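# Tertiary structure, described
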Amino acid sequence: MKSSVEKHTICLDKGVRDALVKLDQNAPSSILFVTNKNNQLIGSLTDGDLRRGFIKGYDFNTQLEDFIQANPIFIYKDNYNLSELEEYRIKRLKVIPIVNQNKEIVDILDFNVTTTLIPADAVLMAGGEGKRLRPLTENTPKPLLKVGDKPIIEYNIDRLIQCGIKTINISINYLGEQLIEYFQDGQSKGVTIQYVKEDKPLGTIGSVLLVDEFYHDDIIVMNSDLLTNIDFGDFYTMYKSSGADMAVAATSYHVDVPYAVLEVKNDNQVKSLKEKPRYTYYSNAGIYILNKSLLKMIPEGTFYDITDLMERIIEMDLKLVTYPINGYWLDIGKHDDFKKAQEDIKHIKL
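Just so it is clear, the structure is predicted and the values come from calculations on it, not from any experiment.

This part is about the pairing of strand S15 (residues 261-264). Both S15 and strand S16 (residues 270-274) contribute to a ladder of 4 bridges, which runs antiparallel. Bridging across to S16, valine 264 finds its partner in valine 270. Count of turn residues in the S15/S16 antiparallel hairpin: 5 residues, of which asparagine 268 carries a positive phi of about 70 degrees.

Printed below as a string of structure tokens:
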């Protein structure tokens, strides 16, 4: 399978016919980025550029350089903001080259398959036994149980990929070899998938320390048994703009009181009366973004839950913020949840 860079680039020394063939293969994103022999970006080329050249009298023997548009839009690797990408998307730019400091093309942003480029790594927690879902999980790890036509965890992996995440780590334990066999190294999805395995239970965050290397400053950590259409791009933007050390996604939980509620002072005098009020609380949704500098706060080789880390952050007066999920979210923990997921997937887009 061709890489996105190979698919959307052509060297300046190629002929016009070569460019036409490649543009035809790239439809509907019929654009090529022209490079020199050092893979440095020097221009762009579309069907329209070739057509205008032929009208001028150029032919198939004309040098490709005469057809190209100089100074195409590009972005520098790891040096952009998400609002800039959103502006490009709104302007209906379909494909944008990503270059390093030498202007060598290192990747391609294709808005046909990717909504944004979140500069973060991801860790999916997939080591639990799923005891409450037995007998379904006796021979299959819960993340690989199918909802609709694909496993629960695959919805989350595909959603992360759509947001430009390139490196996904999966923390495995119970029947973990099945996850390795299913996803392998991630090449079929165009990303890198790596695995870490607990020798003993390490809680809901402890196994993150088993990851050899994180390539970005920020890490998305989430439970793999969630079904959600959370907007990761908006979540990440909120996290960065708030200057937080960590953000936790939250789902709303409503409590309806069927009676009038009295608010009473210390002397038993009624202060106010609320008729059948609704109270809204926010619950931990199992999705987090944190700066990797926080990892040094996690004890190695010890059972440690992410709520322990959150409490430590609060104690140290660091900044922890919440992000309310306004879309769909379901924690598949029990048989009723699994049954609901099978019905919901028919009507929602993940």
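Right, let's get into helix H3 (residues 47-56). Within the span of H3, buried status applies to Gly48, Asp49, Leu50 and Gly53. One or two residues past the end of H3 sits glycine 57, with phi positive at roughly 110 degrees.

Read across the open sheet, the 7 strands follow the order S11-S10-S7-S12-S17-S14-S18; overall the sheet is mixed. The sheet is open, and its two edges are formed by strand S11 (192-197) and strand S18 (320-324), each paired on a single side. If you compare each strand with its neighbour and ignore which way they point, the axes differ by 30 degrees on average. Packed onto the sheet, helix H7 (residues 232-242) meets strand S12 (218-223), strand S14 (246-256), strand S17 (278-291) and S18 and runs at close to 85 degrees relative to S17.

Let's shift gears to the environment of lysine 334. Its place among the elements puts lysine 334 in the loop between strand S19 (329-331) and helix H9 (335-344). Sequence separation between lysine 334 and leucine 85 is 249 residues; the distance between their C-alpha atoms is 39 Å. Other than its neighbours up to four places away in sequence, lysine 334 contacts Arg132 and Leu133.

Our focus in this paragraph is the environment of leucine 64. Mapped onto the elements of the fold, leucine 64 is located in the loop between H3 and strand S4 (75-76). Separated by 63 residues in sequence, leucine 64 and glycine 127 place their C-alpha atoms 54 Å apart. Those residues within four positions of leucine 64 in sequence are excluded, and the remaining contacts are Ile10, Cys11, Leu12, Lys14, Gly15, Val16, Ala19 and Leu45.

What follows concerns a nonpolar patch on the surface. Residues Leu262, Val264, Val270 and Leu273 make up a contiguous nonpolar surface patch of about 360 Å² in total accessible area. Elements represented by at least two residues in the nonpolar patch include exactly S15 and S16. In this fold, valine 264 is placed in strand S15.

All right, on to the packing of helix H5 (residues 152-162) against helix H6 (residues 176-183) then. Axis separation between H5 and H6 bottoms out at 12 Å; the angle between their running directions is 50 degrees. One finds that H5 runs oblique with respect to H6. Note on packing geometry: the crossing formed by H5 with H6 is right-handed. Only Leu179, Tyr182 and Phe183 of H6 make contact with H5, whose side of the interface consists of Ile153, Glu154 and Ile157. The residue makeup of the contact of H5 with H6, split by class, is 5 nonpolar, no polar and 1 charged.

Two strands in a sheet stick together by hydrogen bonds in their backbones, pointing the same way (parallel) or opposite ways (antiparallel). On the basis of which strands lie adjacent, the open sheet formed by 3 strands has the order S1-S2-S3 and mixed pairing. Each edge of the open sheet is held by one strand with a lone partner, namely strand S1 (9-11) and strand S3 (41-46). When the angles between neighbouring strand axes are averaged without regard to direction, this sheet yields 35 degrees. With 3 bridges connecting them, S1 and strand S2 (residues 31-35) associate as parallel partners. The partner of isoleucine 10 across the bridge, within S2, is valine 34. Running over the sheet, helix H2 (residues 16-26) touches S1, S2 and S3 and is turned about 135 degrees from S2.

Rules and cut-offs
- Just so you know, the residues in each chain are numbered from 1, in the order the chain's sequence is written.
- Thresholds applied to this predicted model are a pLDDT of at least 70 for local features of residues and 80 or more for the giving and counting of side-chain atom pairs; totals over whole chains, interfaces and linings are not thresholded and use all residues.
- The side-chain quantities take in all heavy atoms of the structure and omit both hydrogens and water.
- Pairs of strands are assigned from DSSP output, requiring at least two bridges between the strands.
- Under the scheme used here, helices are H or I runs from DSSP no shorter than 4 residues and strands are E runs no shorter than 2 residues, and both carry numbers assigned from the N terminus.
- Categorising residues by exposure relies on relative accessible area from a 1.4 Å probe, with only protein chains included: less than 20% of the type maximum marks a residue as buried, more than 50% marks it as exposed, and the intermediate range marks it as partly exposed.
- Throughout, an axis means a line fitted to C-alpha atoms (over the contacting stretch in the case of helices), and angles, computed between N-to-C directions, take values from 0 to 180 degrees.
- Here, residues are in contact when the closest pair of their heavy atoms is within 4.5 Å.
- Each patch groups residues whose relative accessible area exceeds 30% and which form no salt bridge, using 9 Å between like charges and 5 Å between nonpolar side chains of Val, Leu, Ile, Met, Phe, Trp and Tyr.
- Under the convention used here, a 1.4 Å probe and the Shrake-Rupley method define accessible areas, while residue burial counts only the protein chains that appear.
- When a carboxyl oxygen of Asp or Glu lies within 4 Å of a side-chain nitrogen of Lys or Arg, that pair is called a salt bridge.
- These descriptions rest on fixed angle ranges, namely under 35 degrees for roughly parallel, over 145 for roughly antiparallel, 65 to 115 for roughly perpendicular, and the rest for oblique.
- Working rule for handedness: look at the near helix, and if it is turned counterclockwise from the far one by less than a right angle, call the crossing left-handed; if clockwise, right-handed.
- Put simply, Ala, Val, Leu, Ile, Met, Phe, Trp, Tyr, Cys and Pro go in the nonpolar bin, Asp, Glu, Lys and Arg in the charged bin, and everything else, Gly too, in the polar bin.

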